[in-house]
There are 2 protein chains.
Amino acid sequence: MKLSSVVDSLIEKNESKIVFLIFDGLGGLPMEGGRGTELQVAKKPRLDELAARSICGLLDPLSPGLTPGSGPAHFALFGYDPFEYNIGRGILEAAGIDFPITDGDVLARINYATVDKNGVIIDRRAGRIDTKENERICKKLQENIRLSNVEIMVEPVKEHRAVLVIRGDNLHGDIEDTDPQREGHAPLKPRAMNKESEATARLVEDFIKKAQEVLSDEKKANALLLRGFSKHRGYPSMKERYGLNAFSIATYPMYRGITRLLGFTVCTEAATIEDEFKALRENYGKYDFFYLHIKQTDSRGEDGDFDGKVEVIEKVDKLIPSVTSLNPDVLVVTGDHSTPAKLKAHSWHPLPVLLCSNYCRPDEVKTFDEISCIHGGLGRMESVHLMTVALSNAGRLAKFGA
Amino acid sequence: MKLSSVVDSLIEKNESKIVFLIFDGLGGLPMEGGRGTELQVAKKPRLDELAARSICGLLDPLSPGLTPGSGPAHFALFGYDPFEYNIGRGILEAAGIDFPITDGDVLARINYATVDKNGVIIDRRAGRIDTKENERICKKLQENIRLSNVEIMVEPVKEHRAVLVIRGDNLHGDIEDTDPQREGHAPLKPRAMNKESEATARLVEDFIKKAQEVLSDEKKANALLLRGFSKHRGYPSMKERYGLNAFSIATYPMYRGITRLLGFTVCTEAATIEDEFKALRENYGKYDFFYLHIKQTDSRGEDGDFDGKVEVIEKVDKLIPSVTSLNPDVLVVTGDHSTPAKLKAHSWHPLPVLLCSNYCRPDEVKTFDEISCIHGGLGRMESVHLMTVALSNAGRLAKFGA
């Protein structure tokens, strides 16, 4: 029996509130000759005080040593097996522009590119055309391409990036990338990986052919490369699995998109971190579960900006009382994965977690960082278990077995 | 999706070097009234200094509470699921004498025994005949037994132990032991456990019958007992799975044999611990992954020789600079399992591990032993994850999911 099915079968409802405060890319590493990790250096008295009355620990986003993308890392946080629900790049990209994906859609990420007169790629990013240019080209494709029996949507993202959505019956998304991942080669054919995807692959081939004609008079974006084909199959929602009315607060569209896929109501009004905390307070009466996402820790980590990441942590620390004063039944503070400034990238390092509730068993951890949390009562566990622990602390899980 | 398939699908290549220094049976226990475990008593300043700049933890070779044999313990260290790849005794024994096993061979361990005139076993070890005697008897069997359509090899090991190899087409190894594991009984029949192994079981029966005739004039070794039948199916190599050119340094043939099964190039020249470290240095330019095996910690543990085990640890400690001066990208020091002198046997106790790399997150552990490592940042994990963590630290794993 799958663990997720066990959890789902034990759900009980009550009036409790659960808040997940998620710092993207929270975990870090000490810089050479430095004073510790970003969290160790940051002055964050409120988070430390919270850790002191919480149970703490370390989370492996997937499994020891594996570095996750944002999709699997978030699915795990919400208790969805990240290997089973590995979301394709096409879906993630569409989620990232708040595109309303429907069940059965096949999606792929588009990169506009430049090819020479022989069809050989000379620029995989079409000179990074600006987003306005991108919008014009997407519209041109959308208006000039018709395929039989299916609807085609071409949605601009940023610069040279867009999303292709094919909507119709009996589509399948197991199709190989057409992006050869290097210049000096022609784009590849969209090959079906299995029999059932063959008809869809032919549709894609037809689309590409027509797109080449439409783009032939473009100077820069005269070709397109497709990758991350995926069919949206629909996920059981937080409501269906846990009986939770879930609310998502994120400034970045991709995280709103991921949570929308799981049936969260999505706040689209928050532009700053302060807005996010305000949205939490304003909507606190209406939902049971709240996801508040801080993007900037990851962004500063990706930039290699150690001090900038420290500043974001310190800034959020000052806003902690606006959550704790709501007195949620369960408050979890953690991240989706580590993004150490030292690495300028997502990494495999486990990340600290704290869970505060009236029924948690506080441990001896008094500061919230990667090293202190080693000694926490949660030990080291995979993120997928966090939601189960939160539900129990909220009194929302019955016992298993007689 | 299997975790091992996920890991294998993320492999990236680079020029990094990974060294696994494996003390066989490293973990220990305090003796009655003693001063701690073997590792706690040993003076090992270099390993302690290394631990201080490493991430440390505890490994369960298989799963909490399970005691492993050498085969599964090693498979787990290299990231091979020890339950899936549980190697039969016959294969292990053959690997242990550097016998070149080929795919499709069926192997079994032979114990020479003494039976009375009614065929009842009166000595399961044939008076522990010496190895020379063993070699003479194996040769005699080999020269006098022919089976139809298959090749038979009888290879001496030590004292009363040998290996039977059956080579041919369509052989199957699911055959029950003929060793009743006690005296006063006749040897059992080699029963097939499933339909497809029936033909092979009949071949084995024929072999045993002929062997009894050949051995009838022997005083001691006038019978044989077979156990651990297994068909060699071939394993994906370290090269196939991880893209690693792996080099194995061990003084004991069994460990060379296990690594040969996984596609390691095997050093056959090292007779002493000093030779092993020399072989590491001399071959350092030629490979990506190095396994250096210290057998003596296990041997002293099996002997119940606490002080002897301490001495081996102290001896190896002095050689640590010859590894660290190579500056490997990832250096792991651990064992395959525990062999406490107090128990004189393999045990289920988790064992300490340290991993040193430029991208590890050092914890507060300053001494390398079973108790200090409880506080390490790796926490407690199963050995099968160690290889994943090492690959990530070497920059050889891409992220999972978009």
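Everything below is about the structure shown above.
Participant: So what's going on with the relation of the copies chain B and chain A? Residues and values would help.
Facilitator: Screw-axis analysis of chain B against chain A gives a translation of 0.2 Å along the axis, an RMSD of 0.3 Å, and a rotation angle of 125 degrees. Between the two chains, the operation in question is that of a three-fold axis. The two copies present different faces, since only 4% of the interface residues in chain B are matched by interface residues at the equivalent positions in chain A.

Participant: Could you give an account of the state of the cysteines, naming the residues involved and the relevant values?
Facilitator: According to the stated counting rule, one finds 0 disulfides over all chains in the structure shown. Here C360 of chain A is not disulfide-linked; the sulfur of C356 of chain A is the nearest cysteine sulfur, at 5.4 Å.

Participant: Which residues make up the sheet that holds strand β11 (residues 330–335) of chain B, and what values go with them?
Facilitator: Residues and elements named next belong to chain B. Here we have 8 strands laid out as an open sheet, ordered β9-β8-β10-β1-β11-β12-β2-β13, and mixed in their pairing. Either end of the sheet is taken by a strand with one partner, and the two such strands are β9 (265–267) and β13 (379–382). Put simply, the sheet's adjacent strands are angled 20 degrees from each other on average, direction ignored. Direction of pairing for strand β2 (residues 55–60) relative to β13: parallel, over a ladder of 4 bridges. For L58, the partnering residue across the bridge sits in β13 and is R380.

Participant: Residues and numbers for the packing of helix α3 (residues 45–52) of chain B against helix α12 (residues 306–324) of chain B, please.
Facilitator: Residue and element names in this part refer to chain B. At their nearest, the axes of α3 and α12 sit 7 Å apart, and the two run at 55 degrees to each other. Classified by the angle their axes make, α3 and α12 are oblique. Together, P45, R46, L47 and L50 of α3 and I313, D317, K318, I320, P321 and T324 of α12 make up the contact between the two elements. Classifying every residue of the contact of α3 with α12 by side-chain character gives 6 nonpolar, 1 polar and 3 charged.

Participant: Tell me about the packing of aromatic side chains, residues and numbers included.
Facilitator: Taken as a whole and judged by the stated rule, the model has 33 aromatic pairs over all chains. Here F264 of chain A and F289 of chain A contribute two aromatic rings whose centre-to-centre distance is 5.9 Å and whose plane-to-plane angle is 75 degrees, an arrangement assigned as edge-to-face. Here F264 of chain A, found in the loop between α9 (253–261) and β9 (265–267), pairs with F289 of chain A, found in strand β10 (residues 289–294); they are 25 residues apart in sequence, far enough to count as distant. Given a relative accessible area of 5%, F264 of chain A falls into the buried group. Between F78 of chain B and F264 of chain B the ring centres are 5.0 Å apart and the planes differ by 55 degrees, which places this aromatic pair in the tilted class. With a gap of 186 residues between them, F78 of chain B in the loop between α4 (70–77) and α5 (89–95) and F264 of chain B in the loop between α9 (253–261) and β9 connect regions that are remote in the sequence. Every member of this aromatic cluster is reached through a ring pair, and the members are F20, F78, F264, F289 and Y291 of chain A. Across the ring face of Y80 of chain A, the terminal group of R241 of chain A is positioned such that the distance to the ring centre comes to 4.6 Å.

Participant: Could you give me a rundown of the nonpolar core, with the residues and numbers involved?
Facilitator: Within the largest apolar cluster, 100 residues are counted, with the highest numbers of intra-cluster contacts made by M238 and F289 of chain B. Considering every element that reaches this core, the biggest residue donor is α12 of chain B, with 8 residues. Those residues in contact with M238 of chain B that sit more than four places away from it in its chain are F78, Y80, G243, L244, A246, L262, F264, F289 and M387 of chain B. Core analysis: the second largest hydrophobic core is formed by 98 residues, I55, I87, V163 and M381 of chain A among them.

Participant: Explain the interface of chain B and chain A to me, and be specific about the residues and the numbers.
Facilitator: Facing the 28 residues of chain B at the interface are 34 residues of chain A. Across the chain B to chain A interface the summed buried area is about 2400 Å²; carbon plus sulfur atoms make up 62%. Taken together, the links from chain B to chain A amount to 0 salt bridges. Our enumeration of links across chain B and chain A arrives at 12 residue pairs in polar contact (both at pLDDT 80 or more).

Participant: I'd love a proper account of the pairing of strand β6 (residues 161–167) of chain A, names of residues and values included.
Facilitator: All names here are of chain A. For β6, a buried count of 5 out of 7 residues is recorded, marking the element as mostly surrounded by other parts of the structure. Both strand β3 (residues 106–115) and β6 contribute to a ladder of 6 bridges, which runs antiparallel. For N111, the partnering residue across the bridge sits in β6 and is R161. Two elements, strand β5 (residues 151–156) and β6, share 6 bridges in a ladder whose sense is antiparallel. Note that in β6 the partner of V154 across the bridge is L164. Taking the residues between adjacent antiparallel strands as the criterion, β5 and β6 are bridged by 4 residues, where E159 takes a positive phi near 50 degrees.

Participant: Give a description of the side chain of D336 of chain B that names residues and reports values.
Facilitator: Residue and element names in this part refer to chain B. Inspection of the secondary structure assignment puts D336 in the loop between β11 and β12 (351–357). At 3.0 Å, the side chain of D336 forms a polar contact with the backbone nitrogen of G25. At a separation of 3.2 Å, a polar atom in the side chain of D336 contacts the side chain of H337. With near-sequence residues (within four places) excluded, D336 lies in contact with I22, F23, D24, G25, P61, P68, A73, H74, L77 and L351.

Participant: Quick rundown of the pattern of salt bridges? Include the residues and the values.
Facilitator: Scanning the entire structure with this criterion turns up 56 salt bridges over all chains. Ionic pairing is found between K44 of chain B and D48 of chain B, a salt bridge with its closest N-O pair at 2.7 Å. Grouping residues by exposure puts K44 of chain B and D48 of chain B together as buried. Bridged by salt links that share partners, the residues E133, R136, K140, D217 and E218 of chain A form one connected network.

Participant: How would you explain the packing of helix α10 (residues 273–283) of chain A against helix α12 (residues 306–324) of chain A if you had to name every residue and give the values?
Facilitator: Residue and element names in this part refer to chain A. Taken N-terminus to C-terminus, the directions of α10 and α12 make an angle of 20 degrees; their axes are 11 Å apart at the nearest point. As summarised for this structure, α10 and α12 are arranged roughly parallel, according to the angle between their axes. Crossing handedness for the pair α10 and α12: right-handed. The residues of α12 that touch α10, namely those facing I273, E274, F277, L280 and R281, are V312, K315, V316, L319, S322 and V323. For the contact of α10 with α12, a count of residues per class yields 7 nonpolar, 1 polar and 3 charged.

Participant: Can you tell me about helix α7 (residues 198–215) of chain B, naming the residues and giving the values?
Facilitator: Residues and elements named next belong to chain B. Here α7 is 18 residues long and its end C-alpha atoms lie 25 Å apart, about the 26 Å a rise of 1.5 Å per residue gives. All buried positions along α7 are accounted for by T200, A201, L203, V204, F207, I208, A211, V214 and L215. Down the axis of α7, the buried side of the element spans an arc of 155 degrees, and every buried residue falls inside it. Residues of α7 that are exposed and angled more than 90 degrees away from the buried face: R202, K209 and E213. For α7, the secondary structure elements touched by its buried residues are α6 (131–144), β5 (151–156), β6 (161–167) and β7 (223–231).

Cut-off values and rules
Residues numbered from 1 in each chain as written. Chains lettered and ligands numbered in written order. Predicted model: local features only at pLDDT ≥ 70, side-chain atom pairs only at ≥ 80, totals over all residues. Heavy atoms only, no water. Least-squares fit on C-alpha atoms with pLDDT ≥ 70 in both. Contact = heavy atoms within 4.5 Å. Disulfide = S-S within 2.5 Å. Pairing = 2+ DSSP bridges. Helix = DSSP H or I, 4+ residues; strand = E, 2+ residues; numbered from the N terminus. Axes fitted to C-alpha atoms, helices over the stretch in contact; angles between N-to-C directions. Parallel < 35°, antiparallel > 145°, perpendicular 65-115°, else oblique. Nonpolar A, V, L, I, M, F, W, Y, C, P; charged D, E, K, R; others polar. Phe/Tyr/Trp six-rings, centres within 6.5 Å; stacked < 30°, edge-to-face > 60°. Buried < 20%, exposed > 50% of the residue type's maximum accessible area, 1.4 Å probe, protein only. Lys NZ or Arg CZ within 6 Å of the ring centre and 35° of its normal. Core = buried A, V, L, I, M, F, W, Y, C linked by side-chain atoms within 4.5 Å. Buried area = accessible area lost by both parts, 1.4 Å probe. Salt bridge = Lys/Arg side-chain N within 4 Å of Asp/Glu carboxyl O. Polar contact = N/O pair within 3.5 Å; in protein donor to acceptor, adjacent residues only side chain to side chain. Left-handed = near helix turned anticlockwise from the far one by under 90°. Expected span 1.5 Å × (residues − 1). Arc of directions from axis to C-beta.

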